[in-house]
Each structure stands twice: as structure tokens, then as C-alpha cells.
Amino acid sequence: MGTGEELERLFLHWLIRMEGMGAVTVKRIGAFAGSYRNAYYIEGMELQKAGILKTEESCIRYDAWKKEFYPMEEEYYRLAEKGIRFITHLDPDYPSRLLSMYDFPAALYVKGDLPKEDEPAAAIIGARECSAYGRQTAEHMAKELAEAGVTIISGLARGIDGAGHKGALDGGGKTFAVLGCGVNICYPRSNYSLYTQIGEQGGLISEYPPDTPPLARNFLMRNRIISGLSDAVLVIEARKKSGSLITAQTGLDQGKDIYAVPGRITDSLSEGCNQLIASGAFVLLSAENLLENMGISYKKKDRAGGKIEKGLAKREKMVYSCLDSEPLHAEEIAARAGLSVSQSMDVLLTLELEGYAVRTTGLYYVRGDL
């Protein structure tokens, strides 16, 4: 079977694979038995007497699970073939940021790398059904932070999560996705391109074994890992009652700094952020704002301004100057620029092709993030 350390990892994998085994229970069983290997030889009734297993049914299931050891052993030794690493809390490369959590995962399944211990990390989270402004803000913030050497952590969900990962990749930085399913499953499928890139330029992390489906309850649990791996939690957009606020509260409980992007009081997607700010969260106005608080010096790169002056004609500059982070209709843009709608549309197409403008829905445009 292998060395003592390898056996511990194998028996831990077996125990984790038992349905209904939470992180705290797994570690309590290991501590009570003296090792995960010994846990295999303990009767479920002993664990119930110790107050670890609560019901007779759970004792029966525990004892019955021992029959599944050999299939679990075979699965364990095939992890490497699938490019998946099994990192336990007993291993030196287990993320130390997580160890201060009461319910830290007993092990992680990883495709790619893990965040480096000595590099600052920030979680970027928010609404799945976000606005164009929220998506653009998340991308922009992640890109600037990544360029400054900050690792971006998120959950690969639609909306703000995906935008945060994309911004980090665009900024040439590292980004890590904590999944609510097995690391060999891409959820949602619409983020498959991001899933592939993150696996190559960062890492995919889950406490759930391969092939675990994306069950709703898993996503609430994985959020504590997103905040746990981060030094600060950035909430870009969130409704009044949302998973993002739960993650922010978890991060607060873990001693992390919480930042929120303020928004209009009439905007439901800003209610959660405004609520966080009212409760004492930092107001997130720019990447520099966060970097300064993290003690990171960063010289902002010359972006759109220089390119606009050098690369755009007079009419294009006029239309570009009318664009904002809030979507504007082409007719409104034309009126502001003093052009006909057809002239404005021609210019907008040029700006869109060059990345200076982004069409959101219909004929609505926002300023591109360059």
C-alpha cells in the first residue's frame, strides 16, 4: 500500500468519501482514533459513545462504508492520472490560511496550483445576475490587483465571480477557483473557457471528491474556503439577502477585511453592498484604495488616456468621452456627441472593435476597460 504517510492519506480519502461526513466530524474521528488509518478499525458504536456520531443509523452507515474501502483505494490511486492532487491538513503544502478556521477542510482536491503563502490574496465575489457596471467593475478591479501581484480568489460562478477571474487572467496574474463540485466538473458550463485557463494559470480547488455534482448546499460550504484563502473580501454587487453577504460575514468571522463597492440606494444589486458599508465594511472605490491598505505600492499604468489621444480620430474621441460605466443607448450617445444616430453607430462599431466600447444589450453601450 505504501508508507505510513501515504496510508494516512488513503484512509482519509476513504473517510471523506462517505456521504454526510463533514469536515469537523472527519477530523474528530481521526483525533479520537489516533489516526485515519485506525479510524477504519473502530466500530461506529464507539464513535457514538464518544459523541461523534449522533444516531444509530449513522453508526450502521459508518460500519457498512468499510466494505467500500477497496473501490476508494482504487479511486485514490487514479487521482494522479486525472491530474488531481490530494492535499491533506497533515501535509506541509496545505494552505496555512485555512488552518485557523474551526471547520477547515480535512483535505483538498486540486487541479493546478495552490495560492502561494507569501503573496497577498483577495476574494472577488458578488451577484450571479449582475449588471454590466458590476461585471466591468469586477474585471477592472481584478485586473489592476493582479497586475500589482495580488492573487484573486473566487468561485467560478456566473456574473461577478467569472468577471473577477477573467480580470485577473487579463492582468497576467494568478487566480484560483473554489468549486462546489468535484474539480473535474466545470459548473456552470458557460464558464468552460475560464475553467480551462484557471487550471493552467492558477488552480481549481474543492473539498469535494471528483465527480461530486454541483449541489446547492455545497456552494454555501465552499464560500468559507473562498474567504479563508484570502486576506480581504471584495463584494462588488450583492442583493440584500444573498450568498455574497454570507461569505462576507464568514470572512469577518475569520478576521478578514471586508470591502464593498457602494451603489445607488434605489438599485437592488447595491443593497447588500450599501448594507455592508453601513455595518462597517471598507468602501471600495479603487484598486489603489485596497492596495494602499494592504501595504502594496503600485504605480498605475498609463491606459486608455494615452491610447485615446494617440489612436482615435476627433469624432471617435467625442463619442468615447460620452461613454460611462452605466449603459447608455446609442441615441443618447449621439445626442451628447452632437452626431446623427447613424454617424454615432459607425463610430461605436469602431470603438467596440478596438475595445474602447462594450455593447451590453440591444443598443446600449458602456466604456471599455482598457
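Our subject is the structure that appears above.
Because the structure is predicted, anything quoted here is derived from the model rather than measured.

S.K.: Summarise helix 7 (residues 132-147); cite the residues concerned and give the values.
M.R.: Its 16 residues give helix 7 an end-to-end C-alpha distance of 22 Å, which sits within 8% of 22 Å, the value for a rise of 1.5 Å per residue. What helix 7 keeps buried is the set Ala-132, Gly-134, Gln-136, Thr-137, Ala-138, Glu-139, Met-141, Ala-142, Lys-143, Glu-144, Leu-145 and Ala-146. Each element contacted by the buried residues of helix 7 is listed here: strand 3 (121-125), strand 4 (151-154), helix 8 (160-170), strand 7 (232-235), helix 13 (287-293) and strand 12 (364-367). Phi for Gly-149, located one or two positions after helix 7, is positive at around 95°.

S.K.: Mind laying out the layout of surface pockets, listing which residues take part and the relevant values?
M.R.: In this structure, the largest pocket spans a volume of roughly 710 Å³. Forming the walls of the largest pocket are 28 residues, and the residues nearest its centre are Ile-16, Met-18, Gly-20, Met-21 and Tyr-208. Of all the secondary structure elements, the ones that give two or more residues to the lining of the largest pocket are helix 2 (23-33) and helix 10 (216-228).

S.K.: Pulling in residues and values, what's your account of the sheet that holds strand 8 (residues 257-260)?
M.R.: Taken in spatial order, the nine strands make up an open sheet running 1-2-6-5-4-3-7-8-9, and their pairing is mixed. Looking at strand neighbours, the two that pair on one side only are strand 1 (85-88) and strand 9 (282-283), the edges of this open sheet.

S.K.: Tell me about the pattern of salt bridges, residues and numbers included.
M.R.: Per the counting criterion, the structure on display carries 15 salt bridges. Two residues, Asp-103 and Arg-224, come together in a salt bridge whose shortest N-O distance is 3.3 Å. One end of the pair, Asp-103, is in the loop between strand 1 and strand 2 (107-112); the other, Arg-224, is in helix 10, with 121 residues separating them in the sequence. For Arg-224, a relative accessible area of 4% gives the class buried. Here Glu-129 and Arg-158 are joined by a salt bridge, their closest N and O atoms 2.4 Å apart. Here Glu-129, found in the loop between strand 3 and helix 7, pairs with Arg-158, found in the loop between strand 4 and helix 8; they are 29 residues apart in sequence, far enough to count as distant. A cluster of three or more residues bridged by salt bridges with shared partners is formed by Glu-6, Arg-9 and Asp-91.

S.K.: Could you give an account of the pairing of strand 7, with specific residues and numbers?
M.R.: Judged by which residues are buried, strand 7 turns out to be covered on both faces: Ala-232 and Leu-234 on one side and Val-233 and Val-235 on the other are all buried. Across four bridges, strand 3 lies against strand 7 in parallel orientation. When the bridges of strand 7 are listed, Ala-123 appears paired with Val-233.

S.K.: With reference to specific residues and values, describe the packing of helix 7 against helix 8.
M.R.: Working note: a packed helix pair is described by the angle between its axes plus the distance between those axes. Running from amino to carboxyl end, helix 7 crosses helix 8 at an angle of 35°, the nearest separation of the two axes being 7 Å. Considering only the axes of helix 7 and helix 8, their crossing is right-handed. For the pair formed by helix 7 and helix 8, the contact residues are Gly-134, Arg-135, Ala-138, Glu-139, Ala-142, Lys-143 and Ala-146 on the first element and Ile-160, Ala-163, Gly-164, Lys-166, Gly-167, Ala-168 and Asp-170 on the second. A per-class count over the contact of helix 7 with helix 8 returns six nonpolar, three polar and five charged.

The rules behind these values
- Residues numbered from 1 in each chain as written.
- Predicted model: local features only at pLDDT ≥ 70, side-chain atom pairs only at ≥ 80, totals over all residues.
- Heavy atoms only, no water.
- Helix = DSSP H or I, 4+ residues; strand = E, 2+ residues; numbered from the N terminus.
- Expected span 1.5 Å × (residues − 1).
- Buried < 20%, exposed > 50% of the residue type's maximum accessible area, 1.4 Å probe, protein only.
- Contact = heavy atoms within 4.5 Å.
- 1 Å grid on protein atoms, 1.4 Å probe; cavity = no way out; pocket = protein on both sides within 12 Å on 5 of 7 lines; lining within 4 Å.
- Points joined across faces, edges and corners; volume = space filled by probe spheres on them.
- Pairing = 2+ DSSP bridges.
- Salt bridge = Lys/Arg side-chain N within 4 Å of Asp/Glu carboxyl O.
- Axes fitted to C-alpha atoms, helices over the stretch in contact; angles between N-to-C directions.
- Left-handed = near helix turned anticlockwise from the far one by under 90°.
- Nonpolar A, V, L, I, M, F, W, Y, C, P; charged D, E, K, R; others polar.

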